[in-house]
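Structure at a glance
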Amino acid sequence: RSLGVEFWHRGQSDRFFCLIPRHMDAPCSATQVFTTLHDNQEQACVLVLYGDDPVASNNMLLGQFDVINIPPAPKDVPRIEVKFTLGRDMILTAEARDLDSGRHKLWQQAGEIIVLRK
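1. Overview of the nonpolar core
Counting residues in hydrophobic clusters, the biggest one holds 27 residues, and the most contacted among them are V5 and F84. Look past the residues within four positions of V5 in its chain and what remains in contact with it is R15, F16, F17, L19, F34, V46, L47, L49, V82 and F84.

In structure tokens:
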């Protein structure tokens, strides 16, 4: 299965954004940039998901973390880069970084559920 996130995007929720497709072998990494939904939004929640359904809630939640203290700005201005790294040891590291302020948050998961092969 694939690894990705749920992130509010242009007013749409419950949308799965795939970062590491099921066919990629470890070690590998991928990044995608997201933005805020509201003016002066101070935080963003990143849900780390495992699955292949385009509807986020139909995939397995591995964990979540928040990017906090996003500097005040109009919606769609902040740039939040989410990076997944899947190591040879099958440990998934997810990092979210506010590209404007440099603040970042790190999340790690180890376990058999991270195996990407059928």
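On we go from here.
2. Some details on the confidence of the model for the protein
Confidence along the protein averages 84 in pLDDT terms, with 86% of residues attaining 70 or more. Contacts of residues 111-118 to residues separated by more than four positions or lying in other chains number 21 contacts, the stretch itself having pLDDT below 50.

3. Some points on the sheet that holds strand 5 (residues 60-67)
Taken together, four strands build an open sheet; the order of strands is 2-1-4-5 and the sheet is antiparallel. Looking along the sheet, the strands with just one partner apiece sit at the ends: strand 2 (16-20) and strand 5. In this sheet, neighbouring strand axes are inclined to one another by 30 degrees on average, regardless of whether the strands run parallel or antiparallel. In this sheet, strand 4 (residues 44-51) lies alongside strand 1 (residues 2-6) in antiparallel orientation, the contact comprising five bridges. If you follow S2 over to strand 4, its bridge partner there is G51.

4. Section: the pairing of strand 6 (residues 80-86)
Only one face of strand 6 is buried, namely the one carrying I80, V82, F84 and L86, since none of E81, K83 and T85 on the opposite face is buried. Across seven bridges, strand 3 (residues 28-34) lies against strand 6 in antiparallel orientation. The residue bridging A30 from the neighbouring strand is F84, located in strand 6. As judged from the seven bridges shared by strand 6 and strand 7 (residues 92-98), these two strands associate in the antiparallel manner. Paired with F84 across the bridge in strand 7 is A94. Between strand 6 and the antiparallel strand that follows it, strand 7, lie five residues; M90 among them carries a positive phi value of about 65 degrees.

5. Topic: the pattern of salt bridges
As enumerated under the stated definition, the model contains three salt bridges in all. The partner of R97 in a salt bridge is E95, with the nearest N and O atoms 2.6 Å apart.

6. Remarks on the pairing of strand 4
Taking burial as the measure, the eight residues of strand 4 include seven buried ones, the bulk of the element. Across seven bridges, strand 4 lies against strand 5 in antiparallel orientation. Across the sheet, the residue bridging to V48 is G63, located in strand 5.

7. Considering unusual backbone geometry
Each neighbour pair has its own omega, and for A26 with P27 the value is 0 degrees, a cis peptide bond. The topology assignment puts P27 in the loop between strand 2 and strand 3.

Parameters at a glance
- Residues numbered from 1 in each chain as written.
- Predicted model: local features only at pLDDT ≥ 70, side-chain atom pairs only at ≥ 80, totals over all residues.
- Heavy atoms only, no water.
- Core = buried A, V, L, I, M, F, W, Y, C linked by side-chain atoms within 4.5 Å.
- Buried < 20%, exposed > 50% of the residue type's maximum accessible area, 1.4 Å probe, protein only.
- Contact = heavy atoms within 4.5 Å.
- pLDDT = per-residue confidence, 0-100.
- Pairing = 2+ DSSP bridges.
- Helix = DSSP H or I, 4+ residues; strand = E, 2+ residues; numbered from the N terminus.
- Axes fitted to C-alpha atoms, helices over the stretch in contact; angles between N-to-C directions.
- Salt bridge = Lys/Arg side-chain N within 4 Å of Asp/Glu carboxyl O.

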